[in-house]
Every structure is written in C-alpha cells, then in structure tokens.
Amino acid sequence: MNLKIYDHKDGIKYTFSSIPGDKSIAHRALIIGALPRGKYTIKNFPKNEDCIATMECMKKLGISIENSNTTLVVESPGYMNFTKSVAIMDCKNSGTTARLIMGLMSGAGIKGMITGDNSLRERPMKRVTDPLNLMGANIVSTEGKLPIIINSANGKMKAITYDMPVASAQVKSSIIIAGFLSKGETKVVEKIKTRDHTENIFKYLGASISIRGNEIYITNSPINSRDFTIPGDVSSAAFLIALCLLSKNSEITIKNVLLNERRSKYLCILKQMGAKVNWDIYEEQCGENIGDISVKSSVLKAITIEREDTASIIDEVPVISVLAAFSEGTTIIKGVEELKHKESNRIEGIINNLKNIGIQCYYKHDSIIIEGRDHYFSKDINIVTFKDHRIAMAFSAAAIRNSKNTIIEDWEYTSISFPECTNFFKLFLNI
Ligand code: S3P
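Keep in mind that what you see is a predicted model, and the values were worked out from it rather than measured.

On to the nonpolar core, then. One finds I114, Y266 and F425 to be the most contacted residues of the largest nonpolar core, which totals 143 residues. Leaving out residues up to four positions away in the same chain, I114 has contacts with M89, C91, A98, I101, M102, M105, L146, P147, I148 and I150.

Bringing the domain arrangement of the protein into the picture now. Examined at the domain level, the protein breaks down into domain 1 (3-20 + 232-425) and domain 2 (23-229). Between domain 1 and domain 2, the contact holds 28 residues from the first and 29 residues from the second. Carbon and sulfur atoms make up 47% of the surface buried where domain 1 meets domain 2, a total of about 2,400 Å² over both sides. It is R262, C286 and I416 in domain 1 that bury the most area against domain 2; as a group they hold 28% of the surface buried on that side. Put simply, domain 1 and domain 2 have five salt bridges between them. R195 is paired through a salt bridge with D315; the nearest N and O atoms lie 3.1 Å apart. Split into classes, the residues belonging to the side of domain 1 that touches domain 2 amount to nine nonpolar, eight polar and 11 charged.

Our focus in this paragraph is the packing of helix 3 (residues 95-108) against helix 4 (residues 126-134). Relative orientation of the contacting elements helix 3 and helix 4 amounts to 15 degrees, with a least axis distance of 10 Å. As the angle between them shows, helix 3 and helix 4 are arranged roughly parallel. For the crossing formed where helix 3 meets helix 4, the hand is right-handed. Seen from helix 3, the contacting residues are R99, M102, G103 and S106; seen from helix 4, they are R127, V128, T129 and L132.

This next bit is on the site of the ligand. Near the ligand you find S24, R28, T96, R99, S168, A169, Q170, R195, I314, D315 and K342, and these make up its full shell. Between the ligand and S24 there is a distance of 2.7 Å, counted from an oxygen atom to a side-chain nitrogen or oxygen. Between the ligand and the protein, one listed contact pairs an oxygen atom with a backbone N or O atom of Q170 at 2.9 Å. In the complex, the protein chains occlude 94% of the 390 Å² of accessible area that the ligand would expose alone. Here the ligand occupies the largest pocket. Looking at the shell around the ligand, the elements that each hand over two or more residues are helix 1 (23-31), helix 3 and helix 5 (169-180). A per-class count over the shell around the ligand returns two nonpolar, four polar and five charged.

Conventions adopted
Residues numbered from 1 in each chain as written. Predicted model: local features only at pLDDT ≥ 70, side-chain atom pairs only at ≥ 80, totals over all residues. Heavy atoms only, no water. Core = buried A, V, L, I, M, F, W, Y, C linked by side-chain atoms within 4.5 Å. Buried < 20%, exposed > 50% of the residue type's maximum accessible area, 1.4 Å probe, protein only. Contact = heavy atoms within 4.5 Å. Domains from an automatic or database assignment. Buried area = accessible area lost by both parts, 1.4 Å probe. Salt bridge = Lys/Arg side-chain N within 4 Å of Asp/Glu carboxyl O. Nonpolar A, V, L, I, M, F, W, Y, C, P; charged D, E, K, R; others polar. Axes fitted to C-alpha atoms, helices over the stretch in contact; angles between N-to-C directions. Helix = DSSP H or I, 4+ residues; strand = E, 2+ residues; numbered from the N terminus. Parallel < 35°, antiparallel > 145°, perpendicular 65-115°, else oblique. Left-handed = near helix turned anticlockwise from the far one by under 90°. Near = heavy atom within 4 Å. Polar contact = N/O pair within 3.5 Å; in protein donor to acceptor, adjacent residues only side chain to side chain. Areas by Shrake-Rupley, 256 points an atom, 1.4 Å probe, with all protein chains shown as cover. 1 Å grid on protein atoms, 1.4 Å probe; cavity = no way out; pocket = protein on both sides within 12 Å on 5 of 7 lines; lining within 4 Å. Sits in = over half its atoms within 2 Å of the grid points.

Listed below in structure tokens is the structure:
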C-alpha cells in the first residue's frame, strides 16, 4: 500500500501526552521479565508487529499473556518450567526477537527451529550462533542464516568470556541472557557501547549483574517478577521531531519518552546541527530514565558524526540523513557498515532516495556523505522503501519540504515498529 502525501502543514503547536512504548524495552520486558516464575503487568506495551512476534513466541514456551488495549498481564511458570521443545518459533521481521529468543532457548535448554520472514532470513545470525555454540548450545544453521535449529544443551550451557566483534545490542543481549542461564560467570566486552536495556532489566529484577566500563558480568541468581511501564519510544519520536524541525513556525512537546543516554544521542546530534530541541529527565521508571522532549522548527547545519557515536543512533541514521539533506553543508556519518544488515540494506535506501529527491550524496570508506542545503523542492517523487519501516517514516519528513506529491511505497511496513504513525504524522502532513 502506497501513502500519498500531497501537502504539508506549518504553524503546528501540539503536546503529545504519550507515544507507544519503546520497542527494545518491550521485547525485553517479555523475554527477560518472564524468566522468574510469577505474574506481572506490562503497561504501555506497543502493539507493533515486532513486539507481537515476541509475544507469540513467548506463548509457545508456556507463558500466558492476556492483553487489553496496551496493558499485558503475563503469567510465567519460570524458565525451568518452560516448554522444552517447540516446533517453530516464527520471529516474522524482528531481529531482536530472533536473536534474544536464541539466547533464551539455548540457555533454558529448549529444542526447536527459529525462523522469520524473507527479510529476517537474509540477516546475519552467525554473530549470535557462534558465541552461543561456544557456550555449548549446539545450534545448526545454513550459511549462518535463519532458519536455525537449536538442539538444546539441556541446561548444560557454560559461561563464556566474549569480546564483541560487532557493536550489536541484540548479540550482546543474547549472550547475557544465555549467560544468566549458564553455569559460571559470563563476561561480555564491548568495543563500542550499545543500548543497555538488557543490563537495566536484569538489574531491575534483582539479578547478579555488574558493569565495569565496557565489561558486563552476569551469573545466575534468584530474580523476582516485577511490573513494567514502558516509556515512549524515542526512536518513534525521532520522526515526529524531524517533521517539526523541517516545518515552519511549529512547536511540539512529547511527554514520557525514554531518555536512556545510549538512545538519546539523536537529540544531542540534533542540537549540534543547530536544532531547537530540549529534553528534561524527570523520573526513573523500571531502571530507565524518562522525560519530555520539546522541539521548535529550526534552521539546521551539517555536522560530522564519528564512528563511536553511530552505534547509539543506529536506528536514527535514516532520519538524520533526511535532515542532513535540508541542512547547510556537508554531513558525514561515519561507521555505517551495520546499516547493510538491518531490515533492508539501509545505505542503499538512504542514498537512492536522497538522490531521487535531488540531493548529492554517496557512500565511501564506510561513511555516508550528504551535500545538504536549507531548501524547499517541487517534484513528484516516489520513495522506494525496500519494505523497511524506518526508511518509510524517515522519508515522510522530506515531504515537509516538497510542494508536490510524495508517494511512499509499502507504507504498511511502518506497522513493524509504529502502527499508529499515520495518525501522529497527520498533524504535519496532508495524507
Ligand atoms: C536493537 C538493537 C539494534 C537496533 C534494533 C533494536 C535491540 O540492532 O538496530 O532496532 O533492541 O537490541 P543491532 O543489535 O543489530 O545493532
């Protein structure tokens, strides 16, 4: 289904009292939250397709999940009593589901096949199966891709010391979960720090986990079931913020958003670009900082984003690239290699679509380089999204600067992370 954006609106003043819960935390509230035996609630659970895939996988392990609106009531028999053999775990489009469930199944001694849709079956899994096999998981795969078969170590996984070869929170989390379920102390060392929601949730549940610099240590210990309220997803907020920045005379506030410092780097980068954006942390909830973000229409300038910072904005690179197209000067985003392995090859998605709207840009030495200027354009354009939710939403922000029609192909894929986005984006866009 294509989305046709035929005009945009300026002069918007609006406060969003809430936005759907953070996808990364929601997956973990189900996967890690259900490790102890007990009943708990998850409030502000985002009903996107990725999180629903995790919900369905967890049900297959014998966990009961009742849901009304955005609240889930989860009842778990505890990991020792999970169903020990599952025919197929279908993770659909969700890399986080596949990689975290792999750690869970391996550690808890559950046999079964893990698979997903065409996009997920193309994504690299060796980065997870290698360390899990070193721990004794006995996972078989063809060319390191899904489907994989876990033959189960039957509760006999052993701890590992693992130096992360790639900056990936999904890989790190998979090892931490398996490490928690193994004998001995597992140590994971990151070269570049990635999002730390897994560590935060284990702490929140009372696990024996410690973090020293770039090293994470975890051992098995008693943990307790606890309730969760999921803060608003800052990666979804990112698109609304971009719409506001590129429109004229607008001002928005988004309340109750996740402001974990490894996820709010996007906001710091916007500030460097000259954006009028402010945020204020007012509370800690379930081990995570939350607060409000306020944004005003801004004139932006180009910046250079260093390799060490890219891991913290990995999901925001598409929207930053669109903003860079409307910023004065040459923006360089370094260390983008991992974008080739997302729901689509996002480097191609970014470069092709930016060229399509008349921007000079290229990919060289693992960097995206964009020659931007603060401008408006007038051209009927078709955005090719490669069925990637973040490419679709990022390029809807470009429509703010287009006086002709912007067609976004395969818009329905936005439901992977933000099914409600059309209603939110309508504030700025005539759809
Ligand atoms: C995620 C980690 C990142 C991110 C993804 C969610 C997570 O993936 O791109 O959207 O929840 O751990 P990688 O671990 O592949 O970098």
